[in-house]
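Topology and contacts: notes
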Amino acid sequence: MINTAKVTLQIREKIGQNSSLLVLEFAAIASSVLISVGLYLLSIKDIHLLNMTDLGLASVLPWSIYVSILFLCLGFILTLKQKTLREPLLFLHVILLIMMLYGVTLPVEEAPRFNVTWRHAGLVDYVQRNEAIHPSSDAYLNWPGFFILSAFVAEVAGLKSILDIAAYASVFNNLLYIGALMMIFRSVTRNRRLAWLAIWLFYVANWIAQDYFSPQGLNYFLYLTILGIILCWFRGNPSKRFLETFARPRFLRFLSTSVPSKELRPTITTDRSVALALCLMILAAFSVSSHQLTPFAILFCVTALTVLQFNSFRNLPLIIGMLIAAWMIFMAAAFLKGNLTSMLQDIGHLEEVFHQGVTKRLDGSAGHTFIVRFRIMFTLGIWGLALLGVFFRFRNSFKSHNSSKILSDARFLVLAFAPFALIPLQLYGGEMMLRVYLFTLPFMTFFIASLVYSETQVDIPWIKTLATGLLSIGLIAGFFLARYGNEKIDQFTANEVDAVQYFYEHAPAGSLLAAPSPHYPAKFLGYEQYKLKFLPDPVVEDDIDSIIATMTAKKYPESYFIISRSQQSFLYIFYGFPMENWEPFESDLLASGQFATVYSNPDAIIFKYIGSKPE
Amino acid sequence: MNPDVLRFRWIWPGVILGSAVASGLFFFLAIESPLRLIITLSFLLVCPGMAFVRLLRLDESYYEWTLAIALSISLDAIVACLLLYTGFWSITLGLSTLIIISLLGALLQLLWTRPTFTSVPAESGTPTTASIPTLTLTNTATATETVMPTTSPTAMADLIFADGFESGDLSAWSSSRTNGSGLSVSSAAAVTGNYGLQVAIDDNNAIYVRDDSPSAETHYRARFYFDPNSISMANNDAHYLFYGYAGTSTLVLRVEFRFSKGNYQLRAALRNDSNSWKRGSWFTIADTLHFIEIDWRAATANGANNGGLTLWIDGAQRANLTGVGNDTRRLDHMKLGAVSGIDTGTRGAYYFDGFESRRQTYIGP
């Protein structure tokens, strides 16, 4: 029988013994968080976007922003080092990190960043206006699930435009990822410190910036959740026969003779597994309808797990494969008809993937080239550290002949490499390497975190603590350079938005809006009603005739040419087109006598094609 | 089922109902307000999924929230897509469908959350449920459904002590011997919930937790989770994991752990009135998670010789030592950990979790 008085007394004594130390620890953590948040908020107003160079946002970030995040790192590491793990505190740190890293542009930018955000808003507007989908009119409309969902949400919430909330998508998506990441990491480790550190590293290493208002941003959440469900509740173990067949090398032989794997989550009951299987299929169905690439990443990962007997839901690859095939054949037939040949031709062209994903990008201004090189180094650095983590984690397991841990970690190893199989299949506009980095990132950061925490380690030596802190700071500094390296062309001013708005208000449906580049806030209205063209080469070459030819190539009701600040930045960064050349170009355009200025503000100018003057 | 789950079982159905009604009002009455955005987005983001995910009774809130949000988003999208592709695009119809789906799930929650735990007034001198650091066995589906201590009035009197280390420290125990940081509560050791007991052996000093709750018990059952965690032991190294005492220092019950010919092994033993030990055979256990349960019984009278000890490993009876004359023995306190006899060849860490002791009934996994 419990003597509650005695227990209470013991608790009090314990609290008394540890109270001074606890107070000190909490004071240090609370101070770090408060200083961090306070300094960050004070520093935000010192970001002057107009002074940005081609190094992107990092060129205008005040040093105090970095110091504020340094304090957040300090708080996180101190919390990790506490004898008693306080997960709500770690959760708070991760939320603040997401706000600081992914929401840094929110208070200072005048309009939602990234031109694709505006295009996606246009597709939402398309669904709202047409209340139907015509897949043949645009490739995006072959996978419209995300846009239909957004249109529905906008209507229910009474939004005038989805752009009212689109700017918050990065923060929102990254907040969503936390739970799914925790599911994934906790499926392979009991050490929650290791899981939290892996989550922290995921956020400081995710420079890919696919979390904006986009199908892929939301689909990444589905990707993580689907893998989380499989890893938590559909864990399979390779059969003894399978291991005897494939674990033939001498150093692996013990795997087939050892005890059955130790499971962190025992097998679930049938009714619950049916419910979770249904849940998986619902998530997969939405993913298949809303993005062209993510379902393939899911399929590859699930297939790899199944083939190696790590997935007990063995029909899942077949189900996902059938969903993808059915969607492609019946709902995306328009896209397939026009692109199947080129898609098949892309298969296997590794040199082209490398060219489009790496070498082709090493072009442009000195600052931009530096950013691209830095991104490559950052990526290789993350992969290198992860490989080091794989080596040490597996070495320890092999040393102790811990077959359970080896097989458990092998699941992560499979998932860290399965998405690479996407590379030879598609160029994906030269972005496939970036996407593969993103798909593999959770597993890579787990192995990096395991360099710091072993499976059983609760406390780590100060030298490892210091190294973790330095790694975090280094990655965060790198994060701002890598993620926001193109910010000069990704951010838009209210003036630029006003200019495009002018076009939509004055140009009749069917009109043409030509521009030096696609990097401006366009297509957010009348998606299918207006024609947009991008003419970087004629602008750089001052080839006015070519521009006029474009304006008159078809019988547009009206034709316009827009130049905006972000486009000027694009041509400077990617084509080396000097800023001082814009004035002569505009003069030449007007001097042709075929254009008239119809709108201008400090950040944008619109010319209307008025045609040849009568002789 | 955890009594808290019962106490708050109305919360989620209530939240879903409230959220559905509020969203419906904002939409159907076309109320323009910043609140509309917050309420409707919250509803669409959480409720359709949470209405059904709650039925799965997942053990961790982040599993629940993640699945609920992913499922909600997918259901919202699938409903919207179906309406659009079938030519019935209507926001009214879409929202109504989602509200019905959510309310259906909420209703199922209420119907399926049958109480298996009825709260009864604590007996005089018996701690209330709240004062007992109860073990939350919600880590597995089967555990959730079948393993929670059923608190009939008998069961309340039956329970002696339980601790799953979820307080994050050892404060629930009467005392502990930690030998620096050798004995600690850690997340790495967690089998159920967030924490477990980590026994890190780096010298030959005993480290353990002690519970003084038993009071001259004639029948004592204890169950705990044990994971050898690949602890390094020289061949034939052995030490004790569990001691049960009569009075202050008379050992009457023990569980021994050893490493022999590459295998971890366990055995249990009890002491009779004439101080000799009756031991069970060694039983090999895998280097994985196990639940160990012992049932110690004092003989009912002098000469009855009907005392005994039963050992279960993972629910299978492995030893049943009977016919012991131990009627003078009682159980007054116990120790769990590396309680004695540690060898120099034994170094590393193993884990305990989910300790529970009772007077009568089988405890189980």
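On a predicted model such as this, the values are computed, not experimentally measured, just so you know. (Residues numbered from 1 in each chain as written. Chains lettered and ligands numbered in written order. Predicted model: local features only at pLDDT ≥ 70, side-chain atom pairs only at ≥ 80, totals over all residues. Heavy atoms only, no water.)

We now examine the pattern of salt bridges. Residues and elements named next belong to chain B. Scanning the entire structure with this criterion turns up 20 salt bridges over all chains. For glutamate 256, the salt bridge goes to arginine 267, with nearest N and O atoms at 3.0 Å. With glutamate 256 in strand β8 (residues 250–260) and arginine 267 in strand β9 (residues 263–271), this pair connects stretches of sequence that are 11 residues apart. Of the two residues, glutamate 256 and arginine 267, neither departs from the other in class, the shared state being buried. Connected through shared salt-bridge partners, Arg221, Glu293, Asp295 and Arg297 make up one network. (Salt bridge = Lys/Arg side-chain N within 4 Å of Asp/Glu carboxyl O. Helix = DSSP H or I, 4+ residues; strand = E, 2+ residues; numbered from the N terminus. Buried < 20%, exposed > 50% of the residue type's maximum accessible area, 1.4 Å probe, protein only.)

Another aspect to go through is the packing of helix α17 (residues 366–399) of chain A against helix α20 (residues 462–483) of chain A. To describe two helices that pack against each other, one gives the angle between their axes and the distance between the axes. All names here are of chain A. It is the contact of α17 with α20, at a shortest axis distance of 9 Å, that shows an interaxial angle of 145 degrees. In this structure, the crossing between α17 and α20 has a hand that is left-handed. Where α17 approaches α20, its residues Phe370, Ile371, Phe374, Arg375, Phe378, Ile382 and Leu385 are matched on the opposing element by Leu471, Leu475, Gly478, Phe479, Leu481, Ala482 and Arg483. By residue class, the composition of the contact of α17 with α20 is 11 nonpolar, one polar and two charged. (Axes fitted to C-alpha atoms, helices over the stretch in contact; angles between N-to-C directions. Left-handed = near helix turned anticlockwise from the far one by under 90°. Contact = heavy atoms within 4.5 Å. Nonpolar A, V, L, I, M, F, W, Y, C, P; charged D, E, K, R; others polar.)

One broad trend across soluble globular proteins is that nonpolar side chains are buried collectively. In terms of nonpolar packing, the biggest core is built from 262 residues, with Tyr203(A) and Phe242(B) touching the most fellow members. Ranked by the residues each element gives to this core, the list is headed by helix α4 (residues 61–85) of chain B, at 15 residues. What Phe242(B) contacts, discounting residues up to four positions off in sequence, is Tyr220(B), Ala222(B), Phe224(B), Leu253(B), Arg254(B), Val255(B), Ile294(B), Met334(B), Lys335(B), Leu336(B), Val339(B) and Phe355(B). (Core = buried A, V, L, I, M, F, W, Y, C linked by side-chain atoms within 4.5 Å.)

With that settled, the discussion passes to the packing of helix α2 (residues 63–81) of chain A against helix α8 (residues 192–205) of chain A. Residue and element names in this part refer to chain A. Packing of α2 against α8 brings their axes to within 11 Å, and their N-to-C directions diverge by 165 degrees. With respect to α8, the element α2 is oriented roughly antiparallel. Judged by the twist between their axes, the crossing of α2 over α8 is left-handed. Contacts between α2 and α8 pair Leu72, Cys73, Phe76 and Leu80 from the former with Arg193, Trp196, Leu197 and Trp200 from the latter. (Parallel < 35°, antiparallel > 145°, perpendicular 65-115°, else oblique.)

A few words now on unusual backbone geometry. Residue and element names in this part refer to chain B. Residue asparagine 236 is not a glycine yet carries a positive backbone phi of 70 degrees. The residue asparagine 236 is located in the loop between β6 (219–227) and β7 (238–246) in this model. The class of asparagine 236 is partly exposed, set by a relative accessible area of 48%.

This paragraph deals with helix α26 (residues 582–591) of chain A. Residues and elements named next belong to chain A. Where α26 is concerned, the buried positions are Trp582, Phe585, Glu586 and Leu589. Taken down its axis, α26 places every buried residue within 95 degrees of arc, on the same side. Seen from the open side of α26, the exposed residues pointing more than 90 degrees away from its buried face are Glu583 and Ala591. Buried residues along α26 sit against α23 (536–540), α24 (544–552), β3 (559–564), α25 (565–575), β4 (595–601) and β5 (604–609). Immediately downstream of α26, the backbone of glycine 593 shows phi near 80 degrees, a positive value. (Arc of directions from axis to C-beta.)

The next thing to look at is the interface of chain A and chain B. Accessible area lost during the coming together of the parts is what is often quoted as the interface size. In this assembly, 69 residues from chain A lie in contact with 78 residues from chain B. Buried surface at the junction of chain A and chain B, both sides included, amounts to about 6,000 Å², of which 67% is carbon and sulfur. Here chain A is connected to chain B by three residue pairs in polar contact (both at pLDDT 80 or more). Listed by contribution, the elements that provide at least two residues to the side of chain A that touches chain B are α1 (4–44), α5 (145–157), α7 (169–186), α8, α9 (215–233), α12 (270–290) and α14 (316–331) of chain A. Per element, the largest residue contribution to the side of chain A that touches chain B is nine residues, and it comes from α5(A). (Buried area = accessible area lost by both parts, 1.4 Å probe. Polar contact = N/O pair within 3.5 Å; in protein donor to acceptor, adjacent residues only side chain to side chain.)

Further remarks concern the pairing of β9(B). All names here are of chain B. Counting buried residues in β9 gives eight out of nine residues, a clear majority hidden from the surface. Note that β8 and β9 share eight bridges and pair antiparallel. Paired with serine 260 across the strands is asparagine 263, a residue of β9. What sits between β8 and β9 in their antiparallel hairpin is a turn of two residues, with lysine 261 showing a positive phi close to 50 degrees. Sheet topology places β9 next to strand β11 (residues 283–285); three bridges connect them, and they run antiparallel. What sits directly across from leucine 266, in β11, is phenylalanine 283. Direction of pairing for β9 relative to strand β10 (residues 277–279): antiparallel, over a ladder of three bridges. Among the inter-strand pairings, alanine 269 is bridged to a residue of β10, identified as arginine 279. Two successive antiparallel strands, β9 and β10, enclose a turn made up of five residues, where asparagine 275 displays a positive phi of approximately 70 degrees. (Pairing = 2+ DSSP bridges.)

Glancing now at the sheet that holds β4(A). Residues and elements named next belong to chain A. Taken in spatial order, the five strands make up an open sheet running β2-β1-β3-β5-β4, and their pairing is mixed. The open sheet terminates on both sides in strands that have one partner only, identified here as β2 (531–534) and β4. Neighbour to neighbour, the strand axes of the sheet diverge by 25 degrees on average, direction disregarded. Pairing of strand β1 (residues 512–515) with β2, which is carried by four bridges, proceeds in the parallel orientation. Bridging across to β2, leucine 512 finds its partner in lysine 531. Relative to the sheet, helix α22 (residues 494–506) contacts β1, β3, β4 and β5, its axis offset from that of β4 by approximately 135 degrees. Docked against the sheet, α24 engages β1, β2, β3, β4 and β5, running at close to 130 degrees with respect to β3.

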